[in-house]
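Listed below are the residues making up each chain.
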Amino acid sequence: MGAELFRQDTGMNSVMIYAFNTAGESNAAMEDFLKEYTEFFQPACDYESKQSKAAEFESFRNMFLTMGGTLAGIIGLVGVLNFINAVLTGILARKRELAMLQAVGMTGKQMNTMLVYEGLYYTMLSAALALVLSAALGPLAGSLCSAFWFFTYRFTVLPVLMVIPLFLLLGILIPLWMYRCVNRRTIVERLREIES
């Protein structure tokens, strides 16, 4: 590239630049040579290589992956905490109803079964809603990804399917644990406590 063409294309006045290609195994050797040369012999000089540009691009891409992963983790944690809160609030708000059911003859096993089914109902409703929202908001995510040429959007239900077993486990364990905490007192004590 001539000096005039270089000035025109880059908008720089300095034409102290040298560009060259290396092939095959000499890439790594040249990278090492240039790194050592610009660090020790000519610190005023700088170089850019295919490897340095690839590393720069990789760090740029990793920044987006880290931010996206962190955001997804926070949203997932909020979702799990919200699920736990919904189940716990449902049981605590119905302490009297649960005590009345036991007073009229509902066994502990029946109570556990009922609460587990409610937890599983929340889980399946959450999973269905997540799938519908993922499918509905997918095109929006695809259009946001088109702003960067190195991102491609692929709709996948795998993350939702991977989280469902965790929610199923929470839907079973949390109601059982909460009912065990509420059930430590006798039926009469629970009925009196709520009435007063």
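## Comments concerning the overall build of the protein chain
Here is step 1: Looking only at helices and strands, one finds seven helices and zero strands in the protein chain.
Here is step 2: Across the protein chain, helices and strands are ordered from the amino to the carboxyl terminus as α-α-α-α-α-α-α.
Here is step 3: Out of the 196 residues in the protein chain, the part that is buried amounts to 17%.
Here is step 4: Within the protein chain, residue pairs in contact and separated by at least 24 positions form 64% of the contacts whose partners lie at least 6 positions apart.
Here is step 5: Accessible surface for the protein chain amounts to roughly 14,500 Å². Of this, 66% is attributable to carbon and sulfur atoms.

## Here we look at the layout of surface pockets
Here is step 1: By volume, the largest pocket amounts to about 1,900 Å³.
Here is step 2: Lining the largest pocket we find 43 residues, and of these Gly-68, Ala-72, Ile-75, Ser-134 and Pro-159 sit closest to its centre.
Here is step 3: At the level of elements, α3 (50–93), α5 (108–145) and α6 (158–182) are the ones that each hand at least two residues to the lining of the largest pocket.
Here is step 4: Looking at the lining of the largest pocket element by element, the count peaks at 15 residues for α3.

## What to know about the environment of Tyr-179
Here is step 1: Position of Tyr-179 relative to the elements: it lies in helix α6.
Here is step 2: By relative accessible area, which is 4% here, Tyr-179 ends up buried.
Here is step 3: Put simply, Tyr-179 and Asn-112 are 67 residues apart on the chain and 7.4 Å apart in space, counted from C-alpha to C-alpha.
Here is step 4: The residues contacting Tyr-179, other than those within four sequence positions of it, are Gln-102, Gly-108, Met-111, Asn-112 and Leu-115.

## Structural notes on the packing of aromatic side chains
Here is step 1: This model, assessed by the stated rule, comprises five aromatic pairs.
Here is step 2: Centroid distance Phe-33 to Tyr-37: 5.7 Å. Interplanar angle 25 degrees. Geometry classified as stacked. Of the two residues, Phe-33 and Tyr-37 both sit in helix α2 (residues 26–41), four residues apart, roughly one turn of that helix.
Here is step 3: Residue Phe-33 is classed as partly exposed on the basis of its relative accessible area, which comes to 47%.
Here is step 4: Residues Phe-83 and Phe-167 carry aromatic rings whose centres are separated by 5.2 Å and whose planes lie at 80 degrees to one another, so their mutual orientation is edge-to-face. Residue Phe-83 is located in helix α3, and its partner Phe-167 is located in helix α6; the two are separated by 84 residues in the primary sequence.
Here is step 5: On the accessibility criterion, Phe-83 (5% relative accessible area) is buried.
Here is step 6: Here a set of aromatic residues connected by ring pairs shows up, and it is made of Phe-33, Tyr-37 and Phe-41.

## A few points about the confidence of the model for the protein chain
Here is step 1: Across the protein chain, the average pLDDT comes to 80, with 90% of residues at 70 or higher.
Here is step 2: Averaged pLDDT values over the elements of the protein chain bottom out at 69 in helix α7 (residues 187–195) and peak at 85 in α3.

## Topic: the side chain of Gln-102
Here is step 1: Position of Gln-102 relative to the elements: it lies in helix α4 (residues 95–103).
Here is step 2: Within polar-contact distance, the side chain of Gln-102 engages the side chain of Tyr-179 at 2.5 Å.
Here is step 3: Contacts of Gln-102, omitting those with residues within four sequence positions, involve Gly-108, Met-111, Tyr-179, Asn-183, Ile-187 and Arg-190.

## Let's talk about the nonpolar core
Here is step 1: Among the nonpolar cores identified, the biggest contains 13 residues, and Phe-83, Val-87, Ile-91, Leu-98, Met-111, Leu-115 and Leu-170 are the most heavily contacted of them.
Here is step 2: Broken down by secondary-structure element, the contributors of at least two residues to this core are α3, α5 and α6.
Here is step 3: Considering every element that reaches this core, the biggest residue donor is α6, with six residues.
Here is step 4: Not counting the four nearest positions on each side in its chain, Met-111 is found in contact with Leu-98, Leu-101, Gln-102, Met-106 and Tyr-179.

## Let's talk about the environment of Thr-113
Here is step 1: Inspection of the secondary structure assignment puts Thr-113 in helix α5.
Here is step 2: The class of Thr-113 is partly exposed, set by a relative accessible area of 37%.
Here is step 3: Separated by 62 residues in the primary sequence, Thr-113 and Pro-175 have C-alpha atoms spaced 9.5 Å apart.
Here is step 4: Within the structure, the side chain of Thr-113 is placed 2.8 Å from the backbone oxygen of Lys-109, a separation counted as a polar contact.

How each quantity is defined
- Residues numbered from 1 in each chain as written.
- Predicted model: local features only at pLDDT ≥ 70, side-chain atom pairs only at ≥ 80, totals over all residues.
- Heavy atoms only, no water.
- Helix = DSSP H or I, 4+ residues; strand = E, 2+ residues; numbered from the N terminus.
- Buried < 20%, exposed > 50% of the residue type's maximum accessible area, 1.4 Å probe, protein only.
- Contact = heavy atoms within 4.5 Å.
- Areas by Shrake-Rupley, 256 points an atom, 1.4 Å probe, with all protein chains shown as cover.
- 1 Å grid on protein atoms, 1.4 Å probe; cavity = no way out; pocket = protein on both sides within 12 Å on 5 of 7 lines; lining within 4 Å.
- Points joined across faces, edges and corners; volume = space filled by probe spheres on them.
- Phe/Tyr/Trp six-rings, centres within 6.5 Å; stacked < 30°, edge-to-face > 60°.
- pLDDT = per-residue confidence, 0-100.
- Polar contact = N/O pair within 3.5 Å; in protein donor to acceptor, adjacent residues only side chain to side chain.
- Core = buried A, V, L, I, M, F, W, Y, C linked by side-chain atoms within 4.5 Å.

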